[in-house]
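Results of the structural survey
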Amino acid sequence: MDTQTFVNKAKASGIIAFDFLDYKPTTEIVELDIRNHLFMGMIVKEKEFKESIAAVDYSVYKNKAVGIICSTDAIIPPWAYMFLMEKLSPYAAYVDLNNAETVLLDLWKRRLIYADLRHFKNQKVVVRANTSHDPALYLLATELLKPLVKSLMYGEIGLPKVIFKK
């Protein structure tokens, strides 16, 4: 009887995968809309604004990433953001003046920048394709991995597109 040995060509290639999902932030992200603290939803009146901001229970933001937005076209003076940050800082894990989607991207990029990527050194690496990931992540991954890797690819281990080879 003739037995055939199957060879996993993807595994035999020595290519290892870099998956963005391994670096995705797990912090809950919420938005805080300043509009709710404006006079008539449009105007920053200092006394009323400070009273409204002071009345908020900021413990609901504990260990969360907060994206501060204003859903109206109001002009918000810089001191108002400072006042709000002073209230949020004892609770929130992260605060930025952006919507939740942008805060997620910023946190994701930070995790990549501070990640220990030494295990990719001198390896053949494929950055896994995922059309739902922001292209900025691919830019950053290329910048971070190129100095380390022997070759950098995009796609899947079985059929990658070569981006860079030493």
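Scroll up to find the structure this text is about.
Since this is a predicted model, take the numbers as computed values, not measurements.

Rules used in this analysis
- Residues numbered from 1 in each chain as written.
- Predicted model: local features only at pLDDT ≥ 70, side-chain atom pairs only at ≥ 80, totals over all residues.
- Heavy atoms only, no water.
- Axes fitted to C-alpha atoms, helices over the stretch in contact; angles between N-to-C directions.
- Helix = DSSP H or I, 4+ residues; strand = E, 2+ residues; numbered from the N terminus.
- Parallel < 35°, antiparallel > 145°, perpendicular 65-115°, else oblique.
- Left-handed = near helix turned anticlockwise from the far one by under 90°.
- Contact = heavy atoms within 4.5 Å.
- Nonpolar A, V, L, I, M, F, W, Y, C, P; charged D, E, K, R; others polar.
- Core = buried A, V, L, I, M, F, W, Y, C linked by side-chain atoms within 4.5 Å.
- Buried < 20%, exposed > 50% of the residue type's maximum accessible area, 1.4 Å probe, protein only.

**A short note on the packing of helix α2 (residues 46-54) against helix α3 (residues 78-88)**
The N-to-C vectors of α2 and α3 enclose an angle of 20°; their axes lie 10 Å apart at closest approach. Taken together, α2 and α3 sit at an angle that is classed as roughly parallel. Judged by the sense of rotation from one axis to the other, the crossing of α2 with α3 is right-handed. For the pair α2 and α3, contact is made by Glu46, Phe49, Lys50, Ile53 and Ala54 and by Trp79, Ala80, Phe83, Leu84 and Lys87, respectively. The residue makeup of the contact of α2 with α3, split by class, is seven nonpolar, no polar and three charged.

**Overview of the nonpolar core**
Among the nonpolar cores identified, the biggest contains 20 residues, and Phe18, Phe20, Phe120, Leu145 and Val149 are the most heavily contacted of them. If you list the elements that add at least two residues to this core, you get α4 (100-113), β5 (124-128) and α5 (135-145). When residues of this core are assigned to their parent elements, the largest contribution, six residues, is made by α5. Ignoring any residue separated from it by four or fewer positions in sequence, one finds Phe18 in contact with Tyr23, Leu112, Leu117, Phe120, Val125, Val126, Val127, Arg128, Ala141 and Leu145.

By themselves, these observations are geometric and do not establish any function.
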